[in-house]
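Each chain, letter by letter, is given below.
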Amino acid sequence: DGDVLFVPEESSQVTLHGEVMFPLALHHEAGQTVADYIRQAGGYTQNADTSRVLLIRRNGSVVEVQPTQRPEPGEELMVLQKADSKNIEVTRGITQILYQIAIAAKVILDL
């Protein structure tokens, strides 16, 4: 009763999501770069693709940004995850096939 709720038209925060140590919302400060905000969120996780950071604008558009760019108030930063590499699985498969061929050759030669 009698309480007033004030909802600001513009946010004064920059929100960080994805592969950062502590996803959070930080107060926007003029001059802060993408790298500065990521550093304030504890830095990248081990699974982060440090070359792929997306900026989600207030109008909903999404663009890839460089660490030196400066986000505006109300925008969000999304650090993407590294794409999994299948090299280990391919190497293991080839090694297993070569091993089976060597065993088969040994069996045939012993006959």
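Details of the structure are given in the entry above.
Residues numbered from 1 in each chain as written. Predicted model: local features only at pLDDT ≥ 70, side-chain atom pairs only at ≥ 80, totals over all residues. Heavy atoms only, no water.

A. Up close: the overall build of the chain. The helix and strand tally for the chain stands at two helices and five strands. Counted from the first residue to the last, the chain has its helices and strands arranged as β-β-α-β-β-β-α. Radius of gyration (C-alpha) of the chain: 25 Å, far over the 13 Å computed for a compact globule of 111 residues. Overall, the C-alpha framework of the chain stretches about 95 × 40 × 25 Å when taken along its three principal axes. Taking all 111 residues of the chain together, 22% fall into the buried category. Considering only intrachain contacts with a sequence separation of at least 6, the fraction spanning at least 24 residues in the chain is 52%. (Helix = DSSP H or I, 4+ residues; strand = E, 2+ residues; numbered from the N terminus. Rg over C-alpha atoms; globule rule 2.2 N^0.38 Å. Buried < 20%, exposed > 50% of the residue type's maximum accessible area, 1.4 Å probe, protein only. Contact = heavy atoms within 4.5 Å.)

B. Local environment of the nonpolar core. Counting 14 residues, the largest nonpolar core has L16, I38, V53 and L77 as its most contacted members. Taken together, the elements giving at least two residues each to this core come down to strand 1 (13–18), helix 1 (34–40), strand 3 (48–56) and strand 5 (76–81). Apart from residues lying up to four places away in sequence, L16 is in contact with P23, L24, L26, Y37, I38, A41 and L77. (Core = buried A, V, L, I, M, F, W, Y, C linked by side-chain atoms within 4.5 Å.)

C. The pairing of strand 5, seen in detail. Note that strand 1 and strand 5 share four bridges and pair parallel. Counterpart to T15 in the pairing with strand 5 is E76. (Pairing = 2+ DSSP bridges.)

D. Spotlight on the environment of V63. Note that V63 resides in strand 4 (residues 62–65). You can call V63 partly exposed: its relative accessible area is 29%. Separated by 14 residues in sequence, V63 and L77 have C-alpha atoms that sit 9.9 Å apart. Those residues within four positions of V63 in sequence are excluded, and the remaining contacts are V53, L54, L55 and R57.

E. Representation of the sheet that holds strand 4 within the structure. Taken together, five strands build an open sheet; the order of strands is 2-1-5-3-4 and the sheet is mixed. Two strands in the sheet have a free side with no partner beyond their single neighbour: strand 2 (25–27) and strand 4. Ignoring strand direction, the axes of neighbouring strands in this sheet form an average angle of 30°. (Axes fitted to C-alpha atoms, helices over the stretch in contact; angles between N-to-C directions.)

F. Region of interest: the pairing of strand 1. Of the pairings in the sheet, the one linking strand 1 to strand 2 comprises three bridges and is antiparallel in character. Of the residues in strand 2, the one forming a bridge with V14 is L26. Here strand 1 hands over to strand 2 after six residues, the two strands then running antiparallel side by side.

G. A look at the side chain of D49. With respect to the element layout, D49 can be found in strand 3. The side chain of D49 is buried and forms no salt bridge, while R52, the nearest opposite charge, is found at 4.9 Å. Within polar-contact distance, the side chain of D49 engages the side chain of S51 at 2.8 Å. If near-sequence neighbours (up to four positions away) are discounted, D49 is found in contact with V79, L80, Q81 and K82. (Lys, Arg positive; Asp, Glu negative; His and termini not counted. Salt bridge = Lys/Arg side-chain N within 4 Å of Asp/Glu carboxyl O. Polar contact = N/O pair within 3.5 Å; in protein donor to acceptor, adjacent residues only side chain to side chain.)

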